[in-house]
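Spelled out from the first residue to the last, the chains are:
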Amino acid sequence: MRMLLLNGPNLNMLGVRDPAIYGTDTLEDIERMVVGHGAERGVAVDCFQSNHEGALVDRLHQAHGRYDGIVYNPGAHTHYSYALHDAVECIDVPVVEVHISDIAKREEFRRHSVIAPACVAQVKGKGKAGYLDALDLLIDRATEGDEE
Ligand code: CA2
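Numbering of residues starts from 1 in each chain and follows the order in which that chain's sequence is written. The predicted origin of the model limits local features to residues at a pLDDT of at least 70 and limits the giving and counting of side-chain atom pairs to 80 or more, whereas totals for whole chains, interfaces and linings rest on all residues. Hydrogens and waters are ignored; side-chain quantities use all the structure's heavy atoms.

K.L.:
Help me understand helix 2 (residues 27-40) in this model?
P.N.:
Helical periodicity: at 3.6 residues per turn, an α-helix aligns residues three or four positions apart in one direction. Between its first and last C-alpha, helix 2 extends 20 Å over 14 residues, near the 20 Å set by a 1.5 Å rise per residue. If you check which residues of helix 2 are buried, you get Leu 27, Ile 30, Glu 31, Val 34, His 37 and Gly 38. For helix 2, the arc enclosing every buried residue in end-on projection is 130°, short of the 170-degree limit, so these residues lie on one face. Residues Glu 28, Arg 32, Ala 39 and Glu 40 are exposed on helix 2 and point more than 90 degrees away from its buried face. Here a helix means four or more residues in a row that DSSP labels H or I, a strand means two or more in a row labelled E, and each is numbered from the N terminus. Between the first and last residue of a helix there are one fewer steps than residues, each counted as 1.5 Å, and that sum is the expected span. Here the term buried applies to any residue with accessible area under 20% of the maximum for its type, exposed to any over 50%, and partly exposed to those in between, with areas from a 1.4 Å probe on protein chains only. The arc in question is the one traced by the directions running from the helix axis out to the C-beta atoms.

K.L.:
Can you help me understand the packing of helix 3 (residues 53-63) against helix 4 (residues 82-89) in this one?
P.N.:
Packed helices, taken two at a time, are described by the angle their axes make and the gap between the axes. Put simply, helix 3 and helix 4 touch, their axes get as near as 9 Å, and they point 5° apart. Comparing the axis directions of helix 3 and helix 4 gives the class roughly parallel. For the pair helix 3 and helix 4, the contacting residues are Glu 53, Leu 56, Val 57, Leu 60 and His 61 in the first and Ala 83, Leu 84, Ala 87 and Val 88 in the second. For the contact of helix 3 with helix 4, the class distribution of residues is seven nonpolar, one polar and one charged. Here an axis means a line fitted to C-alpha atoms, over the contact stretch when the element is a helix, while the angle between two N-to-C directions is reported on a 0 to 180 degree scale. Orientation is classified from the angle alone, with under 35 degrees giving roughly parallel, over 145 giving roughly antiparallel, 65 to 115 giving roughly perpendicular, and any other angle giving oblique. Note on contacts: a residue pair qualifies if any of its non-hydrogen atoms lie within 4.5 Å across the two residues. Following the grouping adopted for this structure description, the nonpolar residues are Ala, Val, Leu, Ile, Met, Phe, Trp, Tyr, Cys and Pro, the charged ones are Asp, Glu, Lys and Arg, and the polar ones are all others, Gly among them.

K.L.:
Please explain unusual backbone geometry as it appears in this structure.
P.N.:
Trans peptide bonds make up most of the peptide bonds, and negative phi angles are found at most residues other than glycine. For Asn 10, which is not glycine, the phi dihedral falls at a positive 75°. As for its placement among the helices and strands, Asn 10 is situated in the loop between strand 1 (2-7) and helix 1 (19-22). You can call Asn 10 exposed: its relative accessible area is 54%.

K.L.:
Where do I start with the pairing of strand 1 in this structure?
P.N.:
A regular strand carries its side chains on alternate faces of the sheet. Counted residue by residue, strand 1 has five buried out of six residues, so it is predominantly covered. Alignment of strand 1 against strand 2 (residues 44-49), held across six bridges, turns out to be parallel. Pairing of Leu 4 across the sheet is with Asp 46, part of strand 2. DSSP-based pairing: two strands are paired if at least 2 bridges between them are found.

K.L.:
Looking at this structure, how should I read the environment of Gly 125?
P.N.:
Position of Gly 125 relative to the elements: it lies in the loop between strand 5 (121-124) and helix 5 (129-147). Along the chain, Gly 125 and Met 1 lie 124 residues apart, while their C-alpha atoms are 27 Å from each other. The residues contacting Gly 125, other than those within four sequence positions of it, are His 99, Ile 100, Ser 101 and Asp 102.

K.L.:
Please clarify how the side chain of Glu 31 should be interpreted in this entry.
P.N.:
Residue position: Glu 31 is located in helix 2. No salt bridge is formed by the buried Glu 31; the nearest opposite charge belongs to Arg 32, separated by 8.1 Å. Setting aside its immediate chain neighbours within four residues, Glu 31 contacts Leu 5 and Cys 47. Note that His is not counted, nor are the chain ends; the positive residues are Lys and Arg, and the negative ones are Asp and Glu. For salt bridges, the criterion is a side-chain nitrogen of Lys or Arg within 4 Å of an Asp or Glu carboxyl oxygen.

K.L.:
In this structure, what is going on with the sheet that holds strand 1? I would like to understand it.
P.N.:
Here we have five strands laid out as an open sheet, ordered 2-1-3-4-5, and parallel in their pairing. Bordering the open sheet on either side are strand 2 and strand 5, each of which pairs with just one other strand. Pairwise comparison of adjacent strand axes, ignoring direction, gives a mean angle of 20° for this sheet. Relative to strand 5, strand 4 (residues 95-99) runs parallel, the two being bridged by four bridges. Across the sheet, the residue bridging to Val 98 is Val 123, located in strand 5. Packed on one face of the sheet, helix 3 meets strand 1, strand 2 and strand 3 (69-73) and runs near 170° to strand 1.

Listed below in structure tokens is the structure:
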């Protein structure tokens, strides 16, 4: 089984500022944690981060037919990118949207996700542990599919 961990704009700045909202871990720490958790469950995890909408659309397209699931924190694209909504929708790979913070309890503009309707689930407000919950959800979903 192979999963993709995808992170959108500004997530490369994690751990640099605003520890009260996003914690002290860097993106590298989070990627290491997710890859490690995947390895414990026998799952390979590839990681990709970009600040560019088109690069993320391309990476989602490339994932088609190649991955069993995608753990995706779209960053601020969450709130306005119909291009990324459509990219998630037009691939055959289940995507779980993750947010470190609880976007439902923050500024008005963060409360709505245009990506969520194309995803199989959303995990929010659990800090970095939310990435592991999303990975477990995708692994369990793929495994259940095998058992049927
Ligand atoms: O809560 C989340 O995971 C977010 O997806 C994080 C995004 C934000 O735009 C979303 O609304 C919610 C922000 C990414 C990181 O922003 C930083 C800001 C200051 C210091 C470090 C990172």
